[in-house]
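# Inside the fold
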Amino acid sequence: MPYDIYMLGESQITVSGGQQLDGVTQGDGSHLTGLTITLNSNAWTPISINDNDTNFSDSQGANQTLNGTQVIDGVTVAGGTPAEAEYALTLSDGTNTWTVVGFNVNTTTPAYGTVEGLAFIGGPGGFPPVGVPLTVVSAAEGPSFAAADYATPACFTQGTMILTARGERPVESIEVGDLVATVGNGVQPVRWVARRTWPAVGKYAPVVFEPGSIGNFRPLVVSQQHRMRISDWRAQMYCGTEAALVPARHFVNGDDIHIRETGFVTYHHLLFDRHEILWSEGIETESFFPGDQAVSGMAAEARAELLRIFPDIETHLETYGSMADTVVRRAEASVLAASFH
């Protein structure tokens, strides 16, 4: 069965001491213990996998392969090439921890000789922070995590009403080429859409903003890391900026803004030529942000399809651009969000 694993290529990662991710210690990652790993961008790249089960694991051989030709960290790799989770690492910033997995395609002898990047456990938006040295506190060989446990970009849930050139429409009805209203850039065409369904538990569980809790017309339901744009006195007072992007989970108060853990949830991504601010349920929220190189690192088939339909955007793929507004630090975000309670 096919599924996507979002990974960050090794070229976008710095390991202290000049070390590399490569599995030089029999592929167990122990050579990285005690070092720091810094993610230098958030260019999370979806890699399509064909698998005979629902776990992305180590040492699966022909049972776990690339689903078609893929561009992985700038290198084209043929479909059918075995791919695996080479090792697992636990990273820490001193307070929080993250589990990451060495993403390896078997193109060398021995197979663990190269590790092309890192994948992340954590559900929608559950990536480690960018630009922060994270200490490798432990390493383990032979990881096997459910594909559904890997982190994906933050996104909207099914049913969210998005303001378009034709009025408000549910996000699931929006297709490539549709014109969506943006803050400051008029209406913009959608370039790529994606959707996935997950059990609504843990980091996959969405944040529910009840009507009126932050000025929304109806219930607004998004993934925990999906960022709200705050552009009133709060941004100026607490963050010293005209506008700030704050992850949804920071607004949770257990009352009219809460996490819903029940059943399943379908998340949707909308990608534009640049990072945009959209109106969802009347609130300013972000579009999917792939980072500087994520679009050029999509599965080759998806990239080719995008260019066939929209050849005019080819010059923009390598330099997607920056965030639409300031993303505030955790402490600032918490204080700003608390002012809505």
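Whatever comes next refers back to the structure up there.
I will try to describe carefully the structure that is included in this document. (Residues numbered from 1 in each chain as written. Predicted model: local features only at pLDDT ≥ 70, side-chain atom pairs only at ≥ 80, totals over all residues. Heavy atoms only, no water.)

## Quick notes on the overall build of the protein chain
This is how the line gets drawn: Segments assigned H or I by DSSP are reported as helices when at least four residues long, segments assigned E as strands when at least two residues long, and all are numbered from the N terminus. With a 1.4 Å probe rolled over the protein chains alone, any residue whose accessible area is under 20% of its type maximum counts as buried; one over 50% counts as exposed, and the rest are partly exposed. Contacts are residue-level and defined by heavy atoms, with any inter-residue pair within 4.5 Å sufficient. Exposure was quantified through the Shrake-Rupley algorithm and a 1.4 Å probe, taking into account, for residues, occlusion by the shown protein chains and nothing else.
Assigned secondary structure in the protein chain consists of three helices and 28 strands. In the protein chain, buried positions account for 52% of the 341 residues. Considering only residue pairs separated by 6 or more positions, the protein chain has 67% of its internal contacts joining residues 24 or more positions apart. Carbon and sulfur atoms provide 50% of the accessible area of the protein chain, an area that totals close to 13,600 Å².

## Quick notes on the pattern of salt bridges
Applicable threshold: When a carboxyl oxygen of Asp or Glu is within 4 Å of a side-chain nitrogen of Lys or Arg, the pair counts as a salt bridge.
Inspection of the entire model under this criterion finds seven salt bridges. Residue glutamate 281 pairs with arginine 218 through a salt bridge whose shortest N-O separation is 2.8 Å. Linking glutamate 281 in the loop between strand E26 (277-280) and strand E27 (283-286) with arginine 218 in the loop between strand E20 (207-209) and strand E21 (220-222), this pair joins segments that are 63 residues apart in sequence. Given the relative accessible area of 3%, glutamate 281 is considered buried. A salt bridge links glutamate 276 to arginine 274; the shortest N-O distance between them is 3.3 Å. Overall, glutamate 276 belongs to the buried group, its relative accessible area being 1%. Taken together, the shared-partner salt bridges connect Glu168, Arg218 and Glu281 into one network.

## Let's talk about the packing of aromatic side chains
Applicable threshold: When two rings of Phe, Tyr or Trp (its six-membered ring) have centres within 6.5 Å they constitute a pair, described as stacked for plane angles under 30 degrees, edge-to-face for angles over 60, and tilted for the intermediate range.
Enumeration according to the criterion identifies seven aromatic pairs in this entry. With a centroid separation of 5.7 Å and 65° between ring planes, the pair formed by phenylalanine 209 and phenylalanine 251 is classed as edge-to-face. In this pair, phenylalanine 209 sits in strand E20 while phenylalanine 251 sits in the loop between strand E23 (244-247) and strand E24 (257-259), placing the two residues 42 residues apart along the sequence. A relative accessible area of 0% places phenylalanine 209 in the buried class. Classification of phenylalanine 251 as buried rests on a relative accessible area of 0%. Of the aromatic side chains, those joined through ring pairs into one cluster are Phe56, Phe103, Phe145 and Tyr150.

Function cannot be read off these values alone, since they describe shape.
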